[in-house]
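A closer look at the structure
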Amino acid sequence: MAEEKQNRKQISVSLLKKRWRKFKTIKRGYYSFLIIVFLYLISFILPLFIGRSALIVKYNDNYYSPIFTYHAASEFNQNIPGEANYRLLKKQFSEENGNNWVLLPVYSFGPNENLLDETEGNPPHPPSLKHIMGTDSSCRDVFARIAYGFNISISFALSVTLFAFLIGIIIGALQGFFGGVVDIILHRIIEIWATLPFLYVIIIISSLLVPNFFLLCLIMTLFSWIGITYYVRGEFYREKAKDYVSAAVAMGAPTRNLIFKHILPNSLTPIISFAPFAIVGNITALVSLDFLGFGLPPPTPSWGQLIEQGMINIEYWWLVAFPLAIQFLTLIAIVFIGEAVREAFDPKVYARLR
Amino acid sequence: MNQDNILEIRNLSVNFPVTGGFFKRKIADLNAVDGINLEIKKGETLGLVGESGCGKSTIGKAIIKLLKFNSPDVKVSGEILIKTEDGEIDIIKLKNKDLRKYRGYIQIVFQDPYSSLNPRMSVGQIIEEPMKYHSKISKKERGERIAYLLEKVGMQPEQAKRYPHEFSGGQRQRVGIARALATNPKLIIADEPVSALDVSIQAQVINLLQELQSEFDLSLLFIAHDLSVVEHISSKISVMYLGNIVESGLSKEVYHKPVHPYSKALLSAVPLPRVSLEKNERIILKGDIPTPLNKPSGCGFRTRCPIAQKECAESIPPLELKRENHFAACFFSK
Ligand SMILES: Nc1ncnc2c1ncn2[C@@H]1O[C@H](COP(=O)(O)OP(=O)(O)O)[C@@H](O)[C@H]1O
Ligand SMILES: [Mg+2]
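Describing the overall build of chain A
Of regular secondary structure, chain A possesses 14 helices and three strands. Along the first, second and third principal axes, the C-alpha set of chain A runs to 85 × 65 × 40 Å. Per-residue burial for chain A yields a buried fraction of 49% across its 354 residues. Considering only intrachain contacts with a sequence separation of at least 6, the fraction spanning at least 24 residues in chain A is 66%. Entry remark: accessible area of chain A is about 18,500 Å², with carbon and sulfur atoms responsible for 67%. Of the side-chain charges in chain A, 30 are positive and 24 negative, and the distance between the mean point of each set is 16 Å.

Remarks on the packing of aromatic side chains
Scanning the model with the defined rule gives 31 aromatic pairs over all chains in all. Arranged with centres 6.1 Å apart and planes meeting at 75°, the rings of W20 of chain A and F33 of chain A form a pair that is edge-to-face. Highlighted residues: W20 of chain A in helix α2 (residues 15–25) and F33 of chain A in helix α3 (residues 27–44), separated in sequence by 13 residues. Owing to a relative accessible area of 27%, F33 of chain A belongs among the partly exposed residues under this scheme. Arranged with centres 6.2 Å apart and planes meeting at 40°, the rings of F150 of chain A and W303 of chain A form a pair that is tilted. Placement of F150 of chain A in helix α5 (residues 142–178) and of W303 of chain A in helix α13 (residues 303–312) is noted, with a sequence separation of 153 residues between them. Comparing F150 of chain A with W303 of chain A shows no difference in burial state: the two are buried. Taken together, W20, F23, Y30, Y31 and F33 of chain A form an aromatic cluster joined through their ring pairs. The cationic tip of K240 of chain A hangs over the ring face of F177 of chain A; the distance from NZ or CZ to the ring centre is 5.5 Å. Sitting above the plane of the F69 of chain B ring, K240 of chain A keeps its charged end 4.8 Å from the centroid.

Notes on the pairing of strand β7 (residues 187–191) of chain B
Within a regular strand, side chains alternate between the sheet's two faces. Residue and element names in this part refer to chain B. Of all the five residues making up β7, five are buried; the element is thus mostly covered by neighbouring parts of the structure. Neither face of β7 is exposed, since L187, I189 and D191 on one face and I188 and A190 on the opposite face are all buried. In the sheet, strand β6 (residues 106–109) pairs with β7 via four bridges, with the strands oriented parallel. For I108, the partnering residue across the bridge sits in β7 and is I189. As defined by bridge partners, β7 adjoins strand β8 (residues 219–224) across five bridges and the pair is classed as parallel. Residue pairing for β8: A190 is matched across the bridge by F222. Taken together, β7, helix α7 (residues 199–216) and β8 form a β-α-β motif whose crossover is right-handed.

Parameters at a glance
- Residues numbered from 1 in each chain as written.
- Chains lettered and ligands numbered in written order.
- Predicted model: local features only at pLDDT ≥ 70, side-chain atom pairs only at ≥ 80, totals over all residues.
- Heavy atoms only, no water.
- Helix = DSSP H or I, 4+ residues; strand = E, 2+ residues; numbered from the N terminus.
- Buried < 20%, exposed > 50% of the residue type's maximum accessible area, 1.4 Å probe, protein only.
- Contact = heavy atoms within 4.5 Å.
- Areas by Shrake-Rupley, 256 points an atom, 1.4 Å probe, with all protein chains shown as cover.
- Lys, Arg positive; Asp, Glu negative; His and termini not counted.
- Charge placed at Lys NZ, Arg CZ, Asp CG, Glu CD.
- Phe/Tyr/Trp six-rings, centres within 6.5 Å; stacked < 30°, edge-to-face > 60°.
- Lys NZ or Arg CZ within 6 Å of the ring centre and 35° of its normal.
- Pairing = 2+ DSSP bridges.
- Right-handed = clockwise from strand over helix to strand, strands pointing away.

What follows is the structure, encoded as structure tokens:
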């Protein structure tokens, strides 16, 4: 028994696997990671759970799947303009008691859907069983908007972080590996670039054209790679001087192997532990831009716009509390992940967080 | 180039420019190696000894052309000739691109076993890498060769799957030696391979190097700052001081009958009772080694030399034959 345990301990693991194991032992971060990953994956098939379009409609012996295709109301003999309203359709079919039926998502309100016709009184409506987080001043369901905003926030932050890291790593690596003139020239360019005022550029661009998701990603990326180069450059300088790299040079390793096989994998530690916090920063950045009105165009369900509405209608507590609470929970979960990652990459054995 | 030699160094000088000030201009030249000559015969071990900072590693790195990689502004002059199948080549003149093919002839074992292995590669991958560049053997053959080399350096073939962080310093140094052997080199430069190890492990690693040397018919440039370590393994010893070779000869000669006052001082620092040293005279050097930035005129050693005279400041003593096969650079010592 004891021997078996010994044997298992003897199985050799790479550094990465070791770190992943250590990460898993830090429960707070690990569970946050699982939850965020799960929710993010779910958010790609969100229309199956939350949305206005029915999953399946059986009408006059034909099957339709409105979440994939557009169907005008007239196709189902509904007397409203534009797309069919499946909630009303379901009510109608069940009253008719015929062969027709509608399968709706669990939560059947879309993020951009105006529900004025189906609600009583003036918006915003307080939370109720039907609208669990109430409706906003344009009578849209707050829960649906928050749920759809999750995917936008995370996707935005992930893409910006990914591309900014990519640019930062490439430029920092060039500086650190080649040093000398390459380093100096790139450094001057970075310094010039860093003096461009990010907020003004965004405001100017947003006033000239309506920014969409990709344009915002691009602008944010262009302004957030700079810090990464500092880390990567420093790491490259340090690792390059180590003997294992000299050994590789002495055996005639080609430059690309020196960079990609030897130096790069050993230079990523600081920026990997930095990544979750960069994601937090980018989520907050999008929220701020949306809040200020320079972000994604309406009616995109973004968290910043929800919070802005909450500010304007501060007396309707659900417009303030729910978006803020959800954003807070998301950010804190990612911070937990970041803490755990940092801890997992820390060579010291005894962790604080356990 | 002499028939028996595998390596010949002629008049090698290495200067590191020292930059300073706001504009990073060159303000001085650090003369780390000052016109030295060396030869290593096939299958021979040359011990290179000297205090730290005297330029031993710089010579080693010049031989495998590593200096430019980390100090692009370094100035290297002289000739470093090695014998290859394609005749003799001068490493200093050769472009990196053309040199790559000959990289396998000379390999190096580093001082620090912790930084000399890539922490992200398994021991097997570390030993395999040089084979990929220098031999056209299949993956299976490479695996067999990894196992063979691990056995040769006194480890188990199963340990190929392990990562460096799972090993002790001595075992890592063995991995470093296996990596150096992987290309079937003619010459191995061992740059203080045991200085970072526990004393109890040092002898093991030195013995291992000695066994491997005769088995693989290697030539060895063994660098150390301790004469007693070198004496054991080398057939010849060169003693360095401040970028110059001050004494060179057969190992026993230099160890038991040193000529140069610096070698005598180095030896009297060895804590073993040695019969041959006359009446147990102990030479304790005054002061520190001068910096190569500000070398004394004439003989570099004169500032600390017990027998220095006026002439020593005026001209540099040449390395001359003092006894049979025994050279020293001193005007007064016999
Ligand atoms: N890359 C470098 N840049 C500037 N000076 C260097 C560099 N490498 C070594 N030196 C200097 O050259 C001298 C010899 O160094 P080295 O060959 O490492 O000595 P050692 O005999 O201890 O191995 C030292 O004074 C050292 O400071
Ligand atoms: Mg050294």
